[in-house]
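Coordinate inspection notes
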Amino acid sequence: MGSHPHDLPMPVTAAGREGLDALLRAPRRSVVALDFDGTLAEIVPDPDQARAHPGAVPALSVLAPEVASVAVITGRPAGVAVRYGGFAGVPGLEHLVVLGHYGAERWDAVSGIVHAPAEHPGVAAVRAELPGFLDSIGAWQGTWIEEKGRALAVHTRRAEDPEAAFAVLREPLAELAARHGLMVEPGRAVLELRPPGMDKGVALTEFLAETGAEAVVYAGDDLGDLAAYSAVEKRRADGVPGLLVCSGSAEVPELASRADLVLPGPAAVVAFLTTLAQTLHP
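Rules behind the numbers
Residues numbered from 1 in each chain as written. Predicted model: local features only at pLDDT ≥ 70, side-chain atom pairs only at ≥ 80, totals over all residues. Heavy atoms only, no water. Helix = DSSP H or I, 4+ residues; strand = E, 2+ residues; numbered from the N terminus. Buried < 20%, exposed > 50% of the residue type's maximum accessible area, 1.4 Å probe, protein only. Contact = heavy atoms within 4.5 Å. Lys, Arg positive; Asp, Glu negative; His and termini not counted. Charge placed at Lys NZ, Arg CZ, Asp CG, Glu CD. Salt bridge = Lys/Arg side-chain N within 4 Å of Asp/Glu carboxyl O. Core = buried A, V, L, I, M, F, W, Y, C linked by side-chain atoms within 4.5 Å. Expected span 1.5 Å × (residues − 1). Bend = angle between axes of the 7 residues up to and from the residue. Pairing = 2+ DSSP bridges.

1. Some thoughts on the overall build of the protein
Secondary structure assignment for the protein yields nine helices and twelve strands. Overall, the protein is about 60 × 40 × 35 Å in size when its C-alpha atoms are taken along their principal axes. When burial is assessed residue by residue, the protein has 53% of its 282 residues classed as buried. Across the protein, the fraction of contacts at a sequence separation of at least 24, relative to all contacts at a separation of at least 6, is 65%. Taken as two groups, the 22 positive and 36 negative side-chain charges of the protein have centres that lie 4 Å from each other.

Have a look at this one:
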């Protein structure tokens, strides 16, 4: 096994060290995939105020030309992630792709165009029904709805007891979603109602197949990233090296327990990406 530059944090697992070694040996055949909220951007009370860490774009603009591709995989609309990330029109980001709505939408830096399918009819139905539904079950206090275009999210972070509010809402929202052919994706104090069939694991698997990647790094922070973790683990079982990074949070121990490398939040993730970029492009 190769040696890592001293400034790069060391994965705690052999599989993670192998994944990082593979990227360092052959970066042009490797993909770096990243969640947005909680990984490149801090979690904030109002998601509309989330922005990428100031060091994220400078790091990625150096890193992207050195690897096969950088993919940002997010539940947000692709265009929103591009805007909040500041990714458009940045020299060096020609190899950047944003897979929004768990891969249902796609923006690439070369064309600057978002490609997206038609909206699922269940989303429109739930959009109309959700305010009255929350009112009928007495769930308005401290909860609020985020419009995500092809999905809707109900946040409980502002509630007096966010975890209790989350627990109360989970089953009723799952029933509402099922009535309209949707599914519920749980997150950190948020329940997202969205169409089935796409998740971060599907999006990542399809993108890796498209690029022919021979190694992958995936960084995430939330329950929605578990599917991408599973996708990387499956590829590792098939002989394709991969590194799993957790943007550490006590809120999601399920992710941290499966990660090869736990970093304490977006600032540390960006520092890792900066060091990786400097290592590949000294």
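2. Let's talk about the pattern of salt bridges
This model, assessed by the stated rule, comprises 17 salt bridges. One salt bridge in this structure joins E192 and K148, with 2.7 Å as the shortest N-O distance. Residue E192 is found in strand β9 (residues 190-194), and its partner K148 is found in the loop between β6 (144-147) and β7 (152-155); the two are separated by 44 residues along the sequence. Owing to a relative accessible area of 5%, E192 belongs among the buried residues under this scheme. E185 is the salt-bridge partner of R194, the closest N and O atoms lying 2.6 Å from each other. Grouping residues by exposure puts R194 and E185 together as buried. Connected through shared salt-bridge partners, D35, K200 and D225 make up one network.

3. Topic: the nonpolar core
Counting residues in each nonpolar core, the largest one holds 42 residues, and the members touching the most others are L40, L60, L63, F87 and L273. Considering every element that reaches this core, the biggest residue donor is helix α9 (residues 266-280), with eight residues. Not counting chain neighbours up to four residues away, the residues in contact with L273 comprise V32, L34, L40, A59, L60 and L63. With 23 residues, the next largest nonpolar core counts V31, V216, Y218 and Y229 among its residues.

4. Points about helix α4 (residues 121-136)
For α4, with 16 residues, the first-to-last C-alpha span of 23 Å sits near the 22 Å given by 1.5 Å per residue. The largest bend along α4 measures about 45° and falls at E129, with the proline P131 one to four residues further on. The set of residues buried in α4 consists of G122, V123, V126, L130, F133 and L134. Tucked into the core, α4 has its buried residues touching β6, β7, α5 (162-179) and β9.

5. Some points on helix α1 (residues 14-25)
When the terminal C-alpha atoms of α1 are compared, their 16 Å separation across twelve residues agrees well with the 16 Å that a helix rising 1.5 Å per residue should span. Those residues of α1 that fall on the buried side of the exposure criterion are G16, G19, L20, D21, A22 and L23. In this structure, the buried side of α1 is in contact with β1 (30-34), β10 (215-220), α7 (226-237), β11 (242-247) and α9.

6. Focus on the pairing of β7
Every other side chain in a regular strand lies on the same face of the sheet, so the side chains alternate between the two faces. In β7, alternate side chains face the same way, and those of L152 and V154 on one face and A153 and H155 on the other are all buried. Pairing geometry for β6 and β7, over four bridges, is antiparallel. Residue pairing across strands places W144 opposite H155, the latter belonging to β7. The turn joining β6 and β7, which pair antiparallel and follow one another in sequence, is formed by four residues; a positive phi near 80° is taken by G149. Inspection of the sheet shows β7 paired to β9 by four bridges, in the antiparallel sense. Directly across from L152, in β9, lies its bridge partner L193.

Purely spatial values, then, with no claim about function.
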